[in-house]
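Given next are the chains, with one letter for each unit.
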Amino acid sequence: MNKLSHALLAALLATCLAASAVAAPAAQTPAPEPDTIILSDTLHYDDVTKTSTFTGNVVLTRGAMTLRADKLVTHEDKDGNQFGTATAAPGKLVNVRQENPEKFEVLIGTGQQADYVGQSGDITLTGQATVIRQICGETFDSVRGARIVYHDKSGTYEAFGGKNSAAAGGRVRSLAQPQSKIDQAIAKCRAKRS
């Protein structure tokens, strides 16, 4: 995953799980914050605990990002820190997808559960966890494990093996393609669309 864009991974999961988080400012002008649309079979909001629970075929869309889960619970503590947990039904996975059309890139994160802690910026995919980067529909980089944690503040990540790993033998598996191959794929895609 060393070739994966850490900023995109952070944006991918953090924006989906903290639907009401403020977008980071660009250059000197704040970027407009995209609308967040959440479709679900049910919604329960508790104003006392500041908790929203979305259940059944949850689809969260925010800009070029989409999260699909069976349940999404978001809440805010008394200090305004945001937390989110997306879960999947047995035999299914939470799916988070971020598109970057300028680079012809799609990042896809999956796991049985995805957690976001706003104060630290930590994002965790747990159970059959994967993060895959595709360029023009072709997979170039990937990480697989039982748990993948991204630490936004330090720009680092960790992947852990275990009995519920997405990689064979309960191990962590990482694939990173040479940058020259990625550049060639982007150039080829750009030429096709010109």
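Anything mentioned here points back to the structure above.
Figured I'd write up the structure that's included with this text.

1. Regarding helix α2 (residues 179–193)
Here's step 1: Taking 1.5 Å of rise per residue, the 15 residues of α2 would be expected to cover 21 Å, and the 21 Å separating its terminal C-alpha atoms lies within 8% of that figure.
Here's step 2: Three or more residues of α2 are buried, namely Ile182, Ala185, Ile186 and Cys189. Along the long axis of α2, the arc covered by the buried residues comes to 95 degrees, so they all point the same way. Facing away from the buried surface of α2 by more than 90 degrees, the exposed residues are Gln184, Lys188 and Ala191.

2. Structural notes on the nonpolar core
Here's step 1: If you look at the biggest cluster of nonpolar residues, it comprises 16 residues, and the most contacted ones within it are Leu67, Leu72, Ala86 and Val94.
Here's step 2: Those elements that provide at least two residues to this core are β3 (51–62), β4 (65–76), β6 (94–100), β9 (122–135) and β10 (138–151).
Here's step 3: Apart from the residues lying within four places of it in its own chain, the contact partners of Val94 are Leu67, Arg68, Ala69, Ala86, Thr87, Ala88, Gly109, Thr110, Gly111, Gln112, Gln113 and Ala114.
Here's step 4: If you look at the next biggest cluster of nonpolar residues, it comprises seven residues, including Phe104, Phe140, Ile182 and Cys189.

3. Some words on the packing of aromatic side chains
Here's step 1: Under the counting rule described, the total for this entry stands at zero aromatic pairs.
Here's step 2: Cation over ring: Arg147 sits above Phe160, and NZ or CZ is 4.2 Å from the ring centre.

So, how was this worked out
Residues numbered from 1 in each chain as written. Predicted model: local features only at pLDDT ≥ 70, side-chain atom pairs only at ≥ 80, totals over all residues. Heavy atoms only, no water. Helix = DSSP H or I, 4+ residues; strand = E, 2+ residues; numbered from the N terminus. Expected span 1.5 Å × (residues − 1). Buried < 20%, exposed > 50% of the residue type's maximum accessible area, 1.4 Å probe, protein only. Arc of directions from axis to C-beta. Core = buried A, V, L, I, M, F, W, Y, C linked by side-chain atoms within 4.5 Å. Contact = heavy atoms within 4.5 Å. Phe/Tyr/Trp six-rings, centres within 6.5 Å; stacked < 30°, edge-to-face > 60°. Lys NZ or Arg CZ within 6 Å of the ring centre and 35° of its normal.

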